[in-house]
Structures are given as C-alpha cells and as structure tokens.
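Breakdown of the fold
Spelled out, the chains give:
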Amino acid sequence: MISRLVISETSRTEDADPRGIDQPSETRLELESIAYNASANVPDGYWAEHILGIAKGADWPVLREAMRALLRRLASVHREDLRVASRPRGRCVLGSYRVRQKGRISRPYSIMLRSASPLMGSCDCPDFLRNSLGVCKHLLAVIEDIAARPRAWQVAIDSPAHRDPARGPHLAWHPWRPLDGIADWLERVTLFGRAEPSVSRWFSGRSDGDVDRPLSSAHLGNPAQRLALVEDLLAHLRRRAKREERTGETGVTTVEPALQMLLMEDRARLLRINRDVENRCTLTGHLRGLKRPLYSYQRQAVLQFLSWGRMMLADDMGLGKTAQATAACHALYREGRVKRGLIIVPTSLKPQWLREWREFTDTPALIVEGAPAERAELYRSTRRGFLIVNYEQLLRDFDWMEQWEPEIIVLDEAQRIRNWATKTALSVKRLQPQYRLILTGTPLQNRLEDLVSVVEWVDDHALEPKWRVIPWHTTAVDGDHGISGVRNLETLRARLEPVLIRRTRPEVLDQLPGRTDTRLPASMTAAQVSQHEELNRFIIQLMQISKKRPLTPQEHLRLMSLLTMQRIISNGLAQVSFLDIWPEIRDRKPTTNLLGTLDSPKLIEFRELLGRVLDQPERKVVVFSQWRRMLALAHWSVRDLLTERRMRGAFFTGKEGARRRTQNLVEFHDDPELRVLFASDAGGTGLNLQRAASCCINLELPWNPAVLEQRIGRIYRIGQERSIEVYNLVTEFGIEARISGLVGDKQALFSGLFDGTSDEIKFDGSGSFTDRLELVVERENDSLVESAPPLADGDTDLDGAGAVDRELDELLTQADESLDPADRESIAPIDREPASRPRRGGEIDGAAEESRSASAHENGAVVRELFSGIRVHRRNDGTVSIEATRESAASLMALFEGMASLLQEAATSQE
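Throughout what follows, the structure given in this document is the object of discussion. (Residues numbered from 1 in each chain as written. Predicted model: local features only at pLDDT ≥ 70, side-chain atom pairs only at ≥ 80, totals over all residues. Heavy atoms only, no water.)

**Structural notes on empty space enclosed by the protein**
- Overall, the coordinates contain six cavities of 30 Å³ or more when judged by the stated rule.
- If you add up the space inside the largest cavity, you get close to 80 Å³.
- Around the largest cavity sit Ala462, Leu463, Glu464, Pro465, Arg468, Val469, Trp472, His473, Leu492 and Arg495, which together line it.
- Ranked by residues supplied to the lining of the largest cavity, first place goes to helix α19 (residues 469-473) with three residues. (1 Å grid on protein atoms, 1.4 Å probe; cavity = no way out; pocket = protein on both sides within 12 Å on 5 of 7 lines; lining within 4 Å. Points joined across faces, edges and corners; volume = space filled by probe spheres on them. Helix = DSSP H or I, 4+ residues; strand = E, 2+ residues; numbered from the N terminus.)

**So, unusual backbone geometry**
- Put simply, Ser117 and Pro118 share a cis peptide bond, and its omega is 0°.
- Within the secondary structure, Pro118 sits in the loop between β5 (111-116) and β6 (119-123).
- The omega torsion across Glu464 and Pro465 is 0°, close enough to zero to call that bond cis.
- Here Pro465 lies in the loop between α18 (448-455) and α19.
- For Glu405, which is not glycine, the phi dihedral falls at a positive 60°.
- As for its position among the elements, Glu405 is in the loop between α16 (398-404) and β14 (408-411).
- The phi dihedral of Arg646 falls on the positive side, at around 55°, and the residue is not glycine.

**Topic: the sheet that holds strand β7 (residues 170-173)**
- The strand order across the open sheet formed by three strands is β7-β8-β9, and the pairing between neighbours is antiparallel. Lying at the two open borders of the sheet, with one neighbouring strand each, are β7 and β9 (212-214). Across the sheet, the axes of successive neighbouring strands diverge by a mean angle of 35°, strand direction being ignored.
- Strand direction decides the pairing type here: strand β8 (residues 189-192) and β9, joined by three bridges, are antiparallel. Across the sheet, residue Phe192 finds its bridge partner in β9, namely Asp212.
- Contacts between helix α9 (residues 257-278) and the sheet are confined to β7 and β8, with β7 contributing the most and set at about 85° to the helix. (Pairing = 2+ DSSP bridges. Axes fitted to C-alpha atoms, helices over the stretch in contact; angles between N-to-C directions. Contact = heavy atoms within 4.5 Å.)

**Some remarks on helix α20 (residues 489-496)**
- For α20, the buried fraction is high: seven of the eight residues fall into the buried class.
- Along α20, the residues that are buried comprise Leu489, Thr491, Leu492, Arg493, Ala494, Arg495 and Leu496. (Buried < 20%, exposed > 50% of the residue type's maximum accessible area, 1.4 Å probe, protein only.)

**Considering the packing of helix α10 (residues 280-287) against helix α11 (residues 296-308)**
- At a minimum axis distance of 10 Å, the contact between α10 and α11 shows a crossing angle of 140°. Regarding the angle of α10 to α11, the classification is oblique. Both α10 and α11 take part in a crossing whose hand is right-handed. Where α10 approaches α11, its residues Arg280, Leu283, Thr284 and Leu287 are matched on the opposing element by Arg299, Val302, Leu303, Leu306 and Ser307.
- Grouping the amino acids of the contact of α10 with α11 by side-chain chemistry returns five nonpolar, two polar and two charged. (Parallel < 35°, antiparallel > 145°, perpendicular 65-115°, else oblique. Left-handed = near helix turned anticlockwise from the far one by under 90°. Nonpolar A, V, L, I, M, F, W, Y, C, P; charged D, E, K, R; others polar.)

**Details of the packing of helix α5 (residues 137-147) against helix α6 (residues 150-158)**
- Closest axis-to-axis distance for the α5/α6 pair is 6 Å, and the angle between their directions is 120°. In terms of orientation, α5 lies oblique with respect to α6. Where α5 abuts α6, its residues Ile143, Ile146 and Ala147 lie against Pro150, Ala152, Trp153 and Ala156.
- Each residue belonging to the contact of α5 with α6 can be placed in one class, and the counts come to seven nonpolar, no polar and no charged.

**Structural notes on the packing of aromatic side chains**
- What the rule picks out here adds up to twelve aromatic pairs.
- What links up through ring pairs into an aromatic cluster is the set Tyr46, Trp47 and Trp153.
- Arg468 extends its terminal NZ or CZ atom over the ring of Trp176, reaching a point 4.7 Å from the ring centre.
- Lying across the ring of Phe652, Arg661 places its NZ or CZ 5.6 Å from the centre. (Phe/Tyr/Trp six-rings, centres within 6.5 Å; stacked < 30°, edge-to-face > 60°. Lys NZ or Arg CZ within 6 Å of the ring centre and 35° of its normal.)

**Some details on the nonpolar core**
- Ranked by internal contacts, the top residues of the largest apolar core, which has 77 residues, are Trp47, Leu113, Ile146, Leu171, Leu186, Phe203 and Leu263.
- No other element matches the nine residues that helix α3 (residues 60-79) contributes to this core.
- Ignoring anything within four residues of it in the chain, the contact list for Leu171 reads Val189, Thr190, Leu191, Val199, Phe203, Leu233, His236, Leu237, Thr254, Glu256 and Leu259.
- Judged by nonpolar contacts, the second largest core, of 59 residues, contains Cys329, Phe360, Ala650 and Leu665. (Core = buried A, V, L, I, M, F, W, Y, C linked by side-chain atoms within 4.5 Å.)

**Brief notes about the sheet that holds strand β18 (residues 500-501)**
- If you trace the seven strands from one edge of the open sheet to the other, you get β12-β13-β11-β14-β15-β10-β18, paired in parallel fashion. A single partner strand is all that each edge strand has here, and the edge strands are β12 (365-367) and β18.
- Sheet topology note: the strand β11 (residues 340-345)/strand β13 (residues 385-390) ladder contains six bridges and is parallel. In the sheet register, Ile344 faces β13, and the bridge partner there is Val389.

**Some words on the pattern of salt bridges**
- Summed over the entire model, instances satisfying the criterion amount to 41 salt bridges.
- In this structure, Asp266 and Arg226 form a salt bridge, with 2.8 Å as the shortest nitrogen-oxygen distance. Taken together, the residues Asp266 in helix α9 and Arg226 in helix α8 (residues 223-247) connect sequence positions 40 residues apart.
- On the basis of relative accessible area, Arg226 is assigned to the buried category, the value being 2%.
- Residues Arg275 and Asp276 are paired through a salt bridge, measuring 3.6 Å at the closest nitrogen-oxygen approach.
- Connected through salt bridges with shared partners, the residues Asp184, Arg226, Asp266 and Arg269 form a single ionic network. (Salt bridge = Lys/Arg side-chain N within 4 Å of Asp/Glu carboxyl O.)

Written out as structure tokens, the structure reads:
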C-alpha cells in the first residue's frame, strides 16, 4: 500500500461538537453498524476507519458496499479457518507473514503488514490486486491473529507506519482505484527516497527527504516505453529483495508483494504485445491471403486484435464478427504465432461456423462431435489447426481441451458467460490461452454485472473492482431494490475502450438496404381477457408483499411464472390448452370458423399476414416465437396456404436434432419451395439467414429488447441485398401491450453505454421493479388493488391458484424454447468448483465470493428451470405434500443424495 496513506483527524469524518467533544459522523456510525460484531477481537470502529480512510471521494452507496465487501472477506477468514503460518522474526509485529488454511499446506502468497493503525499492507493474491479495498482475506487473517493477542495488538496499534530513509528508497502502490477516468494501476505507484537513476527518471520532481514522488507517466499508449518502465521498476524491487535477504534485515520489508506481482503480470502482457506490434506488417500481409476480402472496418478490428491479443468484438449484429474472427485466426496461424485454436460456439452454429470458415481460409478446422472415445482421439491426433466445439462440450471435454493447450480461443455468443456462477463461465475462465477473442452483439443484456463477467476474461483489470460497479454506476431507489438510472458512463466507456470494439450498422453500412418495422395489433377474446385478468389478483398480492419486504425465492418464482402465463394467454388459449386441443385440430384444415373457435386471434392475424407476404415472388420468411407450441400452431394455421402455393415450412428449434436443423437450413437457402422457417430463440443468435430471407415475423415480443434485435439480426446483416420487413404481432390488451415500457430501461442502458455520449441516463418513472411492474398489470382506478384481499406480512395465498399453478407447470417446463437443450447443462449454476481445479486462495474472493450476492437475481432463471416442475402444497391438517414432474423429481433426488453424501462425509471426518 502507498506509504502516504494516513488517516488524519479530518479524514475520520468527525464533526466538531460545541462542548469540545468529537462526535462520530453519521456515515461512520452507519458503517460501524454494518460491521457490528464482525470480529470478536477487533472493534467495529476499526473497520469503519479503514473504509473511510481508503475510499477517498466515495459517496454513501460506495462506502456501504465497500464495507460489505470487506466483511465478506472477513467471513472467509473464519469460514476457511485461515491461520498464520509464519510471522516476522523477533518481537516485531509489522513485517512479512504467511497464511494457511488449517490442516492444509500454506498457500503460496506473501503478505506484508506495514502498519496496523491505519491499516496498510500488501498481498500478492489476485483479490488484493484488484479489489481496491487495501485488504484481502489473507491480510485480514493476519489482523485477526494479532488482535487475538492483546499485547501484540497494542504494539501494532502504537507502531507508526515504517518510513525509515536509512533503509533506502522504496516503491509503494496505492490499492484504491480512483472512481473516475481510466485509472490505470501503474499510475498509483510512488517513489519514496532517493533511488538510482534508472528508477528516478520515471518519477516527477526531486527527492527531498520524506516526500513521495508520483510517476511521471504510465505510458498507456506506448507499449515499448511502458515495458522499459516496468522492467526498471521490477529490477529495482528484485535488487531490494536480494539485499534484505543477504543482510538478514528484520522488521518491515520495503518490497510490496502486490506491486511485485502486478509488475510481473504487466511485463508478461507487454512482451506479447510488443512482439506482435513489431510484426504487425507481416501479420497484415497474411490478410491478403484470405479467400474473400474484408470490409475496411473489419480489417481495422482485426489489426487491433493482432496488436493487443485480447479483445471483445461487440459489433452490432450482422456486421460480420465471424469473418473478423476467422481472419484473425488465419493471420496468427500463417505467421506461426499459434498452432492450435479453439472456437467455442452454440451447438446450432457449429456447421455454419465451419462453412463460413472455409469460405475465408484454408487453415485447417474441424468440428468436434461423436462419442467420447472419438472426441478424445480427435484432441489427441490434432496437433495443428482449429477445433470447433459447443458450450456443452466445453464441460464434458474440459480436461481434454486443457491438455490440448489451445493458444487462441474465440468465444462466440459470449453472453453465455455473463453469469459468473455458471459452469460455462467458470470453465471458460479456467482456460488461459495467450490470445482471447470474445464475440457478442449483446455484451449487456440485463445488468451491468453481466458486462463485468464477460469482460474480465479478456482484461481482469478493466472494470475492477466488481463490488463497486453497481453502487458507483447506478442510481438506486427503495434502498437496495431497483435503480432509477445509470451514471458515470464516461468512466465505463474509458475503461472499456482498450479492449472493446463496437460499430453499429448506421456507422459502417450505409449501403445496407432499408428496414421497415410494423406493429400489427391483435385483439383478445372475452375468454382470453377473463383468464388474463384472473391472474392479476395473485400478481398484485405478491406485489403488495414486495413493498413490505423482499419476496422469498418461491414467491419471486411464482410472480415471474404468473407473468409468463399472461404472455402465453396473450398468444392465445390454443397455446394454453395445447395438449388438449392439438390432437383434435392437427389433421383438420384451419378454416376461418375453426380458427375462430380457438380464442387465438393472433393465429388469424398471422395467417392473413403470411398470405400477403408469400404472394411476393421469392420472398422467404423467418417466424420467431419463444414457444415451440406457438410455432406449431402458427405452422398449422398456414399449412393449407403453403400447400396451395406448392410451398412448405420447416422448423429450427431445440426440439430438432443437429442434423435435422442443418438440413433445414441448407434447404431454406437452396430449395425455392421451402419459404418459411419457424424458429425459436434457440435459433435467434448467430444464424446467418440474410441470403435466404428478407422478412421477419415475431409472434410475440420478448422481455428483452436485445433478444428482439438478435432475431431481426438473422436477416438484417452483411450480405443482405434486399429491403427487409419486420412484423411484430402485439396483443393490444394486457401484459404484452405494456412489455415495451418495462424493458425500455434495458434498451436505454445498452444504448447509453455503448452507443451514447452522455454521462448519466435517468429511466422513466421509478426504478423499482415492483413499481414499474404496476405499469404492466392492467388496472382500472386501482379497483383490483382495492379488491385484493389483504395479506399479512410473510404470508401469501399460495394455494389460491392451485389449478392455475398445475397448468402453468406444464406450460413452462415443456413449451419454452428460448435455449437449445444441447446447451442447457452449460448454463447451470455451480456452487463449488471441481476438485481437480488447482486454485489459489485469492481467486475465490476476487471472482466468486465477490459476485455471489450480485448474481442472486440472475440465477433466478436457472433456479426456475430446476424447480418449476415442483409444487409444495399445505394441507388443512398442517402436513405438506410435494408434487413433481419426472425430470424435477430426478433432480430433487440427486440433490438430496448429494447432500446426504456431504453430511456423511463431514460426520465421518469429525469422528
């Protein structure tokens, strides 16, 4: 830690009292209350003083989250039973320590305590380097150890920070990352004392005794100059360490472990960058060997990646991210920079990736498929070239992939790793290739935390510290519930700029044909309205409770399920009662009279619309829905129209196997009779259909506007030569008509961050989810709220809609086609890492524990998938019954068996 970090009387935020007694500020009192009884030996005020001292310029939301982040690390000390393994020699309290977990070998981290009051220390664990707290669990374990010994604690508190000029010059690093600007870590290095010219030349001013000299420049834009700076500083630290070891000096070392580790990491990065910059001309020459030329903007992105080696390519959908990634791999392979590369894509895109790869380059590439033995042999025998795998294979074949040692990894549709707690995200981040390229048209889908998880694989310093992203870049309402806007976007853009490239269609594709978006209203029948309104009572009851307290997981899942049910009702009662209706209608002609009996006006509107579109010669159409059952009904409703015109339709959803989907795509492009492709959101990402289709019909609006643009982006992209038409079928009553208002904030956040220039965005209306949800629920003069029976705090009418729930279970578990089933396992959450993973202690705090609380809401979708097939009912006699589908019962049984094994293992180990 930087040696000038001292808590002055004014920085303790104490206000003068007229009686001459210093009174703690309200901020300090609140921080102490958060830290109440966090440690048995350290007073609560000690932690508050540290946060107030280090978090310079922070407002209350940041200070509060800083305290919570510190306490999470303190809890790790007790949970992992961290113990001090070695201390400074003699009676010295300040100095070098090592910490280990009880019963295990000491972890290879160096901890240095320079001062206890104020707390100043250093550790070379990844968490300390990035969390901006000036502490980590290892350093906190040292403080807890000292505090448990009253005499040692008193000595530590009374000992001033060591700054003895006689010990020679030393470099210090301040761990707190400034709130604004790029705030590169190297800019926080200062020099104390007189140093040799090779070091002094990099610092401003002259050394006049007890004065810290700041760095003149971090040379962010000059990799060669920065490398020279880093090597000079690193050499100085190594000389100091050898001198102290040779002379056997005791007490406080002048070499900070964190600074030494940061310099070593940056040196390795700069060596790679400088090598590639020097050979840029040669690499550029290889681009001329591509079978197809790149657009100028594509060439620019490829050259930037070749210069820096790690990048997130977030171009708008349709601008040729696949082509740019292929070109980059081609150049690196031809230059001999890489021998092996891994392309990780969604299952449905593997054949398309191989086709486009071969259109651009002869660099060898193969799709990984087949039985485990066949896949193992493919990894073993392929010593040069590229392998195309899907996310599910990443989990099953991880050990083989790791042993294969790919030197470059391209991650397509990288929003799959937006949730740090999924198996996919953890597996990807365990892979550490030299070159890393992320492709995504939607780097931000719902929350800023999504962006942090995606970015950290290409640059783990860019958006650190993670705990500060939400409190510093959002404006909260209702305490911790909801946001009313985002702020400090200029800082986010500045920190993303070195690793992110994003271009939009208007910027680079003025030659792209026009696009027309049409909203087609659909009415609701009386039966639809009745069922839609019936659910409002239960929704409003849950919303009333949410205003008193946070909803329980069961209540939250129930609320989201009820809203989803209303969306299905908006599509039509034929989808609601699909299992009963489908056997009766599937072989019948969809006459006007028959369609009129189904209480599904959307099907009638769709039939009329598709008839008009198909009358246009050679016009092909992609029809999207989240639910395959809706797609099946839509296909049935126009089957006779297709037959009369000697046309046909095909499906691209999670239900079709990989071979069938590939065949359907080929025929959709090449067979003039195949005019309509019915696709779920499993096909809404990555597919290139611009050479086949020029019309997109959305049977309903998705919650997320990014998903809607993903759908449209399948046909509105590079290579599209015709004007395109987009039709959105929207039921004019109820939830669907109001979805656009609810998701508008998401679109504003995305556009404001990536495509805007303002520093702050205020969302329309309240930022509270519950308050904005009220805009979705149809109410006239609040009559429903007034008529809803009042519920006691902690109580919900969970049995009031049992029949609806049972019907809902079937709909949600069987009909949702938003994700390819082949990739579902890859997005399942994981509570603990595989035992085979070699793990350093700081990684848990820095990557997992830090984000655990922030990811709770995001995990809700995965939790819903697991538990949506399970219902718990309370009987009149007080007993509880559990109903579960076959799939959910199997998952529940596996969960219980796993818990039993863990408990048995724990009991055996204690015996």
